[in-house]
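Chain by chain, the residues:
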Amino acid sequence: SQQGEEDPQALSIQEGENATMNCSYKTSINNLQWYRQNSGRGLVHLILIRSNEREKHSGRLRVTLDTSKKSSSLLITASRAADTASYFCATDEGSGDKLTFGTGTRLAVRP
Amino acid sequence: ETGVTQTPRHLVMGMTNKKSLKCEQHLGHNAMYWYKQSAKKPLELMFVYNFKEQTENNSVPSRFSPECPNSSHLFLHLHTLQPEDSALYLCASSQGWLAELADTQYFGPGTRLTVL
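A quick note: this is a predicted structure, and the numbers were derived from the prediction, not measured.

A. Molecular detail of the sheet that holds strand E8 (residues 73-79) of chain B. Residue and element names in this part refer to chain B. The antiparallel open sheet is built from four strands, whose spatial order is E1-E3-E8-E7. Two strands close off the open sheet at either side, each with one partner strand: strand E1 (4-7) and strand E7 (64-70). Strand-to-strand twist of the sheet, defined as the mean angle between neighbouring strand axes without regard to direction, takes the value 20 degrees. By the bridge criterion, seven bridges tie strand E3 (residues 18-25) to E8 in an arrangement that is antiparallel. By the bridge assignment for E8, Lys-19 is matched with Leu-78.

Next up, the structure:
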């Protein structure tokens, strides 16, 4: 399977609810990143968490990293309709200039 | 607005045509990337340029030819493409190897390519 696989593939929630997406990877990493993509647009960087960090916050985003399980989660609290997008995790391969992306989680937030 | 622009935003071409995609970054970065995004497939890295030198060619067919004349501009020259090459082509940039935050990439809006 792919480095950086997201779970679930699709998620539909009501506005105001929390959304949790998970990412698993296979090899050791220096850092893991989360990106967001609106339909047919480019990716936007959300947050980067380094391998020696366990949790990071940015606004309504909370990212955790468990290197022993090779997994990460992205939590979006108090979701809004504008959060509707695809979310991707990406892992580096130690080189610093190459990222491997997963297939993404499609999040739909119903107003 | 991420500081990375791509033109054209949409392109329709026949299999015998030659066209070029252009990417420009206004962030002072030294690394630039081409990705291909097809439906229901992970983002595929195609090429990486670091300080104008190509450092990655991810087994991309020769009908795709990249060019990086300087750190701010990246082109993807296309010729004799196949219908399965239809996809969203994304350009990205990052600070480059020597920067602490080299791994964060900034993406352009993409070029939606359709090959007839």
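B. Expanded view of the nonpolar core. All names here are of chain B. In this structure, Trp-34, Phe-64, Leu-76 and Leu-78 are the most contacted members of the largest nonpolar core, which totals 22 residues. Of all the secondary structure elements, the ones that give two or more residues to this core are strand E2 (10-13), E3, strand E4 (31-37), strand E5 (44-50), E7, E8, strand E9 (87-94) and strand E11 (111-115). Leaving out residues up to four positions away in the same chain, Leu-78 has contacts with Leu-11, Met-13, Asn-17, Lys-18, Lys-19, Leu-21, Arg-63, Phe-64 and Leu-113.

Cut-offs used in this document
- Residues numbered from 1 in each chain as written.
- Chains lettered and ligands numbered in written order.
- Predicted model: local features only at pLDDT ≥ 70, side-chain atom pairs only at ≥ 80, totals over all residues.
- Heavy atoms only, no water.
- Pairing = 2+ DSSP bridges.
- Helix = DSSP H or I, 4+ residues; strand = E, 2+ residues; numbered from the N terminus.
- Axes fitted to C-alpha atoms, helices over the stretch in contact; angles between N-to-C directions.
- Core = buried A, V, L, I, M, F, W, Y, C linked by side-chain atoms within 4.5 Å.
- Buried < 20%, exposed > 50% of the residue type's maximum accessible area, 1.4 Å probe, protein only.
- Contact = heavy atoms within 4.5 Å.

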